[in-house]
Amino acid sequence: MITVSLCMIVKNEADVLARCLESVSGLVDEIVIVDTGSTDQTREIAGRFTNRVYDFTWIDDFAAARNYAFSLAEKDYCMWLDADDVILDEDRAVFRTLKETLDPAVCVVMAKYNTGFDEDGNVTFSYFRERLIKNHAGMRWEGAVHEAVTPEGRVVYSEFAVTHRKLRPSDPERNLRIYENQLAQGVELEPRQQFYYGRELYYHQRYEDAVRVFELFLDEGRGWVENNIDACCHCAYCYERMDRPEQALQSLLRSFSYDRPRAEVCCELGRWFFQREQISLAAYWYSLALTCPRDDSRGGFVCPDCYGYLPCIQLCVCYSRLGDLERGAQMNELAAFFKPHAGPVLYNRNFFQMLAAEK
């Protein structure tokens, strides 16, 4: 059986740290906590779970802090979590099996990271992250913000997931501040960091700046395919907010130059045409979304609703608007297959039942 060192960097996480560490109780063989300047009870809480609590002077560099935490690990694999992450009960069992069966020749274990949820707790946004990294294998964290490890050697995809349960927002200015300080110091952002800099600009509603960064990123042609597709979508979001809808459309279509259509992009195209009362074209794109295979292992951001519920519920509306009420009702029931208790499904069902009763 392999052994695992949980390596975490924390700062002022007293409200969530115990919850996180309790969720991995009995799963990991060692816990290493690196504190980057807490002023609350974080260190005391960490001390209840491990005697390996260390200090690291914060230098606006997440990769540096994580690399320090990993350097202190003594077990076969290093595992990272953020303090507001948890491993749910159903994933604990899968994790135990992974530890018992993993071939020690594996260098990286990828695991799903569930970060978005609907009102019923269903996952609405997820993606795979490098979660277990073989110790002393030469792999390091890179990137002052949105840091990552580039996998090397043999990589496997696990069935266990890490669930992100944020209780409060983090500093909304931190990431953008770090990027702009780097640029002011003459640092040239590598493609992945350039992509995430564009996203930070978008979050801050600096749409002109975001488009400029995203389009430079795309034009240079050095980005990962999934980031390229996402950059096209974010260009479209920016153009829409800048009231330039035709450029938004072209940005969405540009994503097809990088790989086959993604359901997320098809749903965006469906929405674009629907908003302009081009209902037949909207139905075309929502129908195409239903044919797109979902492949979480490609590593990109995944919106599960786009591979079932969302196009179905929108097709219900489209077909009804086109006068095909029977087909609209069928699509509503197909949407119910994915989310049986969703408000729109129940509303539509009642609507179709009322129509049938009037006949």
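Residues numbered from 1 in each chain as written. Predicted model: local features only at pLDDT ≥ 70, side-chain atom pairs only at ≥ 80, totals over all residues. Heavy atoms only, no water.

Colleague: Can you break down the overall build of the protein chain residue by residue, with the values?
Modeller: Summing up its helical and strand segments, the protein chain has 14 helices and 10 strands in all. For 359 residues, the compact-globule formula gives about 21 Å, and the C-alpha radius of gyration of the protein chain, at 23 Å, lands near that figure. Along the three orthogonal principal directions, the C-alpha set of the protein chain runs to about 75 × 45 × 40 Å. Counting only residues that meet the buried cut, the protein chain has 52% of its 359 residues in that class. (Helix = DSSP H or I, 4+ residues; strand = E, 2+ residues; numbered from the N terminus. Rg over C-alpha atoms; globule rule 2.2 N^0.38 Å. Buried < 20%, exposed > 50% of the residue type's maximum accessible area, 1.4 Å probe, protein only.)

Colleague: An account of the nonpolar core is requested, with residue identities and associated values reported.
Modeller: With 120 residues, the main nonpolar core has L6, M8, M79 and L132 as its most contacted residues. Here the element with the most residues in this core is helix α8 (residues 225-241); it accounts for 9 residues. The contact partners of L132, leaving out residues within four places of it in the chain, are I2, V4, Y77, C78, M79, F95, L98, C107, V108, V109 and F160. (Core = buried A, V, L, I, M, F, W, Y, C linked by side-chain atoms within 4.5 Å. Contact = heavy atoms within 4.5 Å.)

Colleague: Quick rundown of the pairing of strand β6 (residues 108-117)? Include the residues and the values.
Modeller: Most of β6 is tucked away, with 7 of its 10 residues classed as buried. When β6 meets strand β7 (residues 123-134), the two strands line up antiparallel, connected through 9 bridges. Residue pairing for β7: F117 is matched across the bridge by V123. Linking two consecutive strands that pair antiparallel, namely β6 and β7, is a turn of 5 residues; a positive phi of about 85 degrees is found at G121 within it. Here β6 pairs with strand β10 (residues 155-164) via 6 bridges, running parallel. Note that in β10 the partner of V109 across the bridge is V156. (Pairing = 2+ DSSP bridges.)

Colleague: How would you explain the packing of α8 against helix α10 (residues 263-275) if you had to name every residue and give the values?
Modeller: The geometry of α8 relative to α10 is characterised by a closest axis approach of 11 Å and an angle of 20 degrees between their N-to-C directions. It follows that α8 is roughly parallel to α10 by the angle criterion. Relative to α10, the crossing made by α8 is left-handed. Residues I229, C233, Y237 and E240 of α8 form the contact with α10, whose own contacting residues are V265, E268, R271 and Q275. In terms of residue class, the contact of α8 with α10 is made up of 4 nonpolar, 1 polar and 3 charged. (Axes fitted to C-alpha atoms, helices over the stretch in contact; angles between N-to-C directions. Parallel < 35°, antiparallel > 145°, perpendicular 65-115°, else oblique. Left-handed = near helix turned anticlockwise from the far one by under 90°. Nonpolar A, V, L, I, M, F, W, Y, C, P; charged D, E, K, R; others polar.)

Colleague: Outline the sheet that holds β7, supporting the account with residue identities and numerical values.
Modeller: Here we have 8 strands laid out as an open sheet, ordered β3-β2-β1-β4-β7-β6-β10-β5, and mixed in their pairing. Whereas interior strands pair on both sides, the edge strands pair on one side only; in this sheet they are β3 (53-55) and β5 (85-86). Helix α4 (residues 89-101) contacts β1 (4-10), β4 (77-80), β6, β7 and β10 of the sheet and is inclined by roughly 150 degrees relative to β10.

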